Amino acid sequence: MAQRKNSKSHSRKEGKTSPVDNKNGKTTEGGARGGPKYSMFTWIVVVALLGVWSSMAVVYFNIVDYDSVIGLRVGWAPEGRGSPGETTEPNQQAAEKPNHRPGHASRSGTPASDDPGDSQHPYEEEANAIDTTGVLVEELKPDHNVVEPDRYLTSSKLTQEAEAEEQPEPENKVKPTEIPPDGAAEKRVEEQKEKVKKKKPKFLNKFDVTIKAELDAAEKLRKKGKLEEALKAFESLVQQFPQSPRARYGKAQAEDDVAEKQRSNDMLHRAVSTYGEVAELPDVTFDLLRAALKRRAERQQFLGRMRGSLATLQKLVQIFPDDVSLRNDLGVAHLLLGDNKGAKKVYEEVLAVAPDNGFAKVHYGFILKAENQIAESIPYLREGLESGEPGTDDGRFYFHLGDALQRVGDDSAYHWYERGHKQGHFASVWQRSLYNVDGLKAQPWWTPKETGYIDLVKMLEKNWKTIRDEALAVMDQDRGRFIPEEENLREKGDWGQYTLWQQGRKAGGACQGVPKTCSLMERFPEAIGCKRGQIKFSVMQPGTHVWPHTGPTNCRLRMHLGLVVPPGCRIRCTNQTREWNEGKVLIFDDSFEHEVWQEADRYRLIFIVDVWHPELTQYQRQTLSPI
């Protein structure tokens, strides 16, 4: 069965499916985005928590590193190739929108559908890595804002904010004292006072004030989108005034913008180095120091330099120890490295000084859930979501809270799934996958005729005994080929799987053990070429119960061929429960909630075949990233 993932409209959706069999019948989508309370870094890394590096698999409990969870794109693709995970062709949208956003999450957020080994990950050795269940993620893409002719928008939000702060205040600005202190006006007075109290960032030191005209001239070029000219101007200023922090910061910004324009990783590496140089100069103002290092951490992360980003954030926290938002960013950086222990320590420190910080709460609860501290995770996840703070409205958190509540027998889980659905993270209360393509037919159970894969079904049912006999031979001779389910999807019991194809590729030498089965499958590209699925044998022992869970994507359908099915084995998908029959194929959409019971007196053996959703175009099948 597949993993859990979730994310939101923020979580970009590969697309939302039309919810059929919606538990509550509602189809509301979308959701408010958080305000500017947190930095761009926080939004890029956590709230956007978008996408997955195109080749990054989704992962489950205890074997996930946060990088895949939030799905950051690592730099730009080489020239001539599309951005990793790019899924749109002219006039056709294949956009995956993690219904999140975390959807980090990897498959973990969605328990795997009767397929314990649904996830493969480069950091599987990280036994305590965070569970990415329910993370709806999509690859980060550079901003493509509409710009005026001969003007290129700068890539740094921090820069734009700083520029705004450096502008002179309008002379006709209404002063607090000019507002009559009565009723609503009195409230406005207080708001104005608060604004007055806010200290504007100071980017110029005493020396930079003396060359402000030169700095402004170079900055004007950058604002007008004349990026190459701006870069030359700032380079000249740095050469003339090597100790000027603002000139060097302008050079870094110009390099950053040129990198964005040219999609050049080399230029972006230069910008990262220059941002670092700013921090090393004497007499740099604290505001400029903070802006330079924050932007450096963001861009290091974009380039995949996670350890470098962590070091930069650690330096920031040392300089600004009372800044809780920086500590929250540091916690995310630890998660990106799969360092749950380090992240947990950071969030414990944050909650010690800011016990109501919603961002820290949801992430701390997320980590507790990954550690299988189910009951303990619930109050943190719930209170964090209820806070409504920026960075908390994430599909992964709704997913994990609902999952935790289900596991302790609390029906309020569906209240949270409903809220997640209303926020646009889930297609419906039942269908909670995170990697989705919009507009695909959505229903829990399918007939062979509805899928269009009648020939495949006929082949499986005609040759079921051959397939069964090869699987039984492997069980007798090399039971070690059946890998135990390790995604924390079982309440109890023993469940293993033997994978033949994963993400559209053969799994090592697995076919050597079942050559006839593999030969039969070779004729069906909708199955062996399904990059978002697997082909495998699944054996489940008596007494096994698999928790309710959902798969990671709506881009596939799952076929179950009964091979050895004693009485007492059943599967529920949404509110319909069915049983397997030997030699017959069941077809369901595992992006819908499903649950399995094995209450027989001997093992149950089935053959699982994932196929592309029949409504996906050939282009989409070729370009969607693997899961």
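That block above? That's the structure.
Predicted model only: the values in this text are computed from it and were never measured.

1. Some points on the overall build of the chain
Looking only at helices and strands, one finds 23 helices and 15 strands in the chain. Residues counted as buried form 60% of the 627 residues belonging to the chain. Only carbon and sulfur atoms are counted for the fraction: they give 49% of the accessible area of the chain, which is about 24,700 Å².

2. Topic: the packing of helix H6 (residues 212–223) against helix H8 (residues 245–262)
The packing of two helices is summarised by the inter-axis angle and the distance between the axes. Between H6 and H8, whose axes approach to 11 Å, the crossing angle comes to 10°. With respect to each other, H6 and H8 are oriented roughly parallel. Between H6 and H8, the contacting residues are Leu215, Glu219 and Arg222 on the first element and Arg246, Ala247, Gln253, Ala254 and Asp257 on the second. Class assignment of the residues belonging to the contact of H6 with H8 gives a composition of 3 nonpolar, 1 polar and 4 charged.

3. A look at the pairing of strand S14 (residues 594–598)
Where burial is concerned, most of S14 is hidden: 5 out of the 5 residues are buried. Neither face of S14 is left uncovered, since the one carrying His594, Val596 and Gln598 and the one carrying Glu595 and Trp597 both have all their residues buried. Pairing of strand S9 (residues 544–549) with S14, which is carried by 4 bridges, proceeds in the antiparallel orientation. Following the sheet pairing, Thr544 is matched in S14 by Gln598. Bridge count between strand S11 (residues 569–573) and S14: 5 bridges; the pairing is antiparallel. Considered in S14, the bridge of Cys569 is made with Gln598.

4. Let's talk about the sheet that holds strand S5 (residues 490–492)
Pairing is antiparallel across the open sheet formed by 5 strands, whose spatial order is S5-S9-S14-S11-S12. Sheet topology places S5 and strand S12 (576–578) at the edges, where each strand pairs with a single neighbour. Neighbour to neighbour, the strand axes of the sheet diverge by 20° on average, direction disregarded. In terms of strand pairing, S5 meets S9 through 2 bridges, oriented antiparallel. By the bridge assignment, Lys492 is partnered in S9 with His545.

5. Considerations on the state of the cysteines
Summed over the entire model, instances satisfying the criterion amount to 1 disulfide. Linked covalently through their sulfurs, Cys511 and Cys518 form a disulfide whose S-S length is 2.1 Å. Because the torsion about its S-S bond is -85°, the bridge between Cys511 and Cys518 counts as left-handed. Note on Cys511: relative accessible area 13%, which makes it buried. There is no disulfide at Cys555, and the cysteine sulfur nearest it, in Cys530, is 8.5 Å away.

6. Some words on helix H14 (residues 358–370)
With 13 residues, H14 should reach 18 Å at 1.5 Å per residue; the first-to-last C-alpha distance of 18 Å fits that figure. Among the 13 residues of H14, 13 are classified as buried, and the element is accordingly described as predominantly covered. One or two residues past the end of H14 sits Asn372, with phi positive at roughly 65°.

Calculation rules
Residues numbered from 1 in each chain as written. Predicted model: local features only at pLDDT ≥ 70, side-chain atom pairs only at ≥ 80, totals over all residues. Heavy atoms only, no water. Helix = DSSP H or I, 4+ residues; strand = E, 2+ residues; numbered from the N terminus. Buried < 20%, exposed > 50% of the residue type's maximum accessible area, 1.4 Å probe, protein only. Areas by Shrake-Rupley, 256 points an atom, 1.4 Å probe, with all protein chains shown as cover. Axes fitted to C-alpha atoms, helices over the stretch in contact; angles between N-to-C directions. Parallel < 35°, antiparallel > 145°, perpendicular 65-115°, else oblique. Contact = heavy atoms within 4.5 Å. Nonpolar A, V, L, I, M, F, W, Y, C, P; charged D, E, K, R; others polar. Pairing = 2+ DSSP bridges. Disulfide = S-S within 2.5 Å. Expected span 1.5 Å × (residues − 1).

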